[in-house]
Structures are given as structure tokens and as C-alpha cells.
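Coordinates in review
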Amino acid sequence: MPETRLLPNAPTRSQWIEAGGAITAHRHDDHQIVYAARGVLAVTTAAGTWVAPANRAVWIPAGTEHAHQAHGGLELHLVGLDAADNPLGLDEPAVLTVDPLLRELILAYTRAPGDGDPARDDDDPASDHGDPARDDGDPARARLRAVLLDRLSASPQQPVHLPSPTAPLLVALCAILRADPGERRTLAALGREVGASERTLSRLFRADLGMTFPQWRTQLRLYRALVLLAEGLPVTAVAHTCGWASAGAFIDVFRRAYGHTPGTHRTR
């Protein structure tokens, strides 16, 4: 990602980003937890994209170049953690489950005393301006932080990562699917378009992306489904656009991936 900014301190605060808004590429010397209480958040790094609806958060290790994209109006909550504080023991981004207790801890910790709704986005929403919610001198906030870190350490990781290919053949093939996630051609048929055999492509998917072709395509479709739902598209239309044979099949896969149905997803 070009023109990556270095922001030494990862801010702790809440803010609102309008639908379609973004925070451009940057990195921190601190770790950060990024949580969207409303809307769908996509965090992109050189390794791929992590997608988080309202029951997920994204762990961003210190030094990781990343950018944020809002799908739907995004109520964004940021928790900055010193590089020495790594409750998850992770040095790569990850998507974490956010249960009701962890959600309330994040909301409480990222809002300064007396805050109401999150502030609207400013000219540079990634800048560290003031950071009123991060106050290590407050004993009550220190206790809240300790409980938050403890809860984070017990939060299970979720496979909501869409890795980006580096092999030229996969770059070409994945571009076809990104342009139309509803594309239903087999790997063999797609291979004929990019000039490679099904066997070669299958091997590349495992070696380059760490998953099979069906797994990657399903993850892409789920990602696009989250975006379309955030934009207000009906469930049946989302299922058709993203390549599922029926709304029922889409609902089943979505429920297994995110723990709730696409219909209830709208109210979260």
C-alpha cells in the first residue's frame, strides 16, 4: 500500500464513518483492536482482507500496514494497546468473536466520560488527536482495561480472512471471481481462461493461499454478502448475486460462518 503513514500511538476512541468512507493506509507502533458496533468493517493489509460484522473484531499487531473500509454507516471503536500488551500472543491480524460482554467492555472503554454517540469522521480519521478515552491515570479505567484484556485473551479466532494471491495465475483467476462472486464455472473451466490446468491451480491455492479453491471462493462470497447486506440489498438478491443456488443455501452457509442468519444480521 503506497504512502503508508506512521502513527506512533494507536488511538483509543470511537467515531462514525459514513457509508463508503475509508481510513487510508497507515501503521502504529502499538497494537490495536478495531470493532464496528454498526456496519461492516473491512481491514486490508498486504496479506489480504479481514472482514468484521458486529459480532467480530479485528486484531491488528503493532507495525502492520493496514487500511479501513466502511460498508454501511460504520460505528467504529478503536482500542490501542502498548506493544508490550499482547493478550492474544498474535503477530498477525486476526478476526475475533465479540460476545455481549466483550462488546460492552469495548464500548465503555472507547468512550470518554460523558460521551454520547461516536463523533463524526473528520478530515483525517486515522490521526491521533487528543485520544480522550485513553487515560491510564484513572484507576477505574485501569480496572476496566484489565477486564477487557482478560476477556480478549479468551476470545476465539474466526476464519473471516480473505488472503490475497501472489502467484500470477491466481492473481488473474481471483480477479475474475472478485469482479463477479456469482461466477459458477468450475476450476477447470476457469483454468482454461487463465491458461493453467485444474491440478496446477489446486496446488497453487493450497501453497499460495493456504486453502482450497472452494474455500477461497466461499470466503469471497461471504465477504461480498456482508457488504451487500450492509448496503441494504434483500437477502434473496444477495444470495443470487453471490452465486448461491437458493436463499436457503445462502442462509445456511451464512449462519455457520457468523452465528446468525442474514435477516437478523441487519439489526446487529
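Summary of the structure given here.

About the cut-offs
- Residues numbered from 1 in each chain as written.
- Predicted model: local features only at pLDDT ≥ 70, side-chain atom pairs only at ≥ 80, totals over all residues.
- Heavy atoms only, no water.
- Core = buried A, V, L, I, M, F, W, Y, C linked by side-chain atoms within 4.5 Å.
- Buried < 20%, exposed > 50% of the residue type's maximum accessible area, 1.4 Å probe, protein only.
- Helix = DSSP H or I, 4+ residues; strand = E, 2+ residues; numbered from the N terminus.
- Contact = heavy atoms within 4.5 Å.
- Phe/Tyr/Trp six-rings, centres within 6.5 Å; stacked < 30°, edge-to-face > 60°.
- Lys NZ or Arg CZ within 6 Å of the ring centre and 35° of its normal.
- Pairing = 2+ DSSP bridges.
- Axes fitted to C-alpha atoms, helices over the stretch in contact; angles between N-to-C directions.
- Left-handed = near helix turned anticlockwise from the far one by under 90°.
- Nonpolar A, V, L, I, M, F, W, Y, C, P; charged D, E, K, R; others polar.

Formed by 38 residues in total, the largest nonpolar core has its most connected members in Leu173, Phe205, Trp216 and Phe250. Counting residues per element, the ones that place at least two in this core are strand 4 (31–45), helix 3 (168–179), helix 4 (187–194), helix 5 (198–209), helix 6 (213–230), helix 7 (235–241) and helix 8 (247–258). Counting residues in each nonpolar core, the second largest holds 20 residues, with Ile33, Ala94, Val98 and Leu107 among its members.

Counting through the fold element by element, Val194 comes out in helix 4. In sequence terms Val194 and Pro168 are 26 residues apart; their C-alpha atoms lie 9.7 Å from each other. Apart from residues lying up to four places away in sequence, Val194 is in contact with Leu169, Ala172, Leu173, Ile176 and Leu201.

In this section: the packing of aromatic side chains. Inspection of the entire model under this criterion finds 5 aromatic pairs. Where Phe254 meets Tyr258, the ring centres are 4.8 Å apart and the plane angle is 55°; that geometry is what we call tilted. Here Tyr258 and Phe254 lie together in helix 8, a separation of 4 residues that amounts to about one turn. The burial state of Phe254 is the same as that of Tyr258; both residues are buried. An aromatic cluster is built from Trp244, Phe250, Phe254 and Tyr258, whose rings are joined through pairwise contacts. It is Arg141 that lies over the ring of Tyr109; its NZ or CZ is 4.2 Å from the centre.

Counting buried positions over the 5 residues of strand 6 (residues 56–60) gives 5, a clear majority of the element. Because side chains alternate across strand 6, one face comprises the buried residues Arg56, Val58 and Ile60, and the other comprises Ala57 and Trp59, equally buried. Bridge count for strand 4 against strand 6 is 4 bridges, and the pairing is antiparallel. Across the sheet, residue Gln32 finds its bridge partner in strand 6, namely Ile60. Relative to strand 8 (residues 94–97), strand 6 runs antiparallel, the two being bridged by 4 bridges.

Further remarks concern the packing of helix 1 (residues 100–110) against helix 2 (residues 139–153). Look at helix 1 against helix 2: their axes get within 10 Å of each other, and the N-to-C directions meet at 145°. Two packed elements cross with a definite hand, and for helix 1 against helix 2 that hand is left-handed. On helix 2, the residues touching Leu101, Leu102, Leu105, Ile106, Ala108 and Tyr109 of helix 1 are Arg141, Leu144, Arg145, Val147, Leu148, Arg151 and Leu152. Across the contact of helix 1 with helix 2, the residue classes tally to 10 nonpolar, no polar and 3 charged.

Remember that the coordinates give geometry; whether it matters functionally is a separate question.
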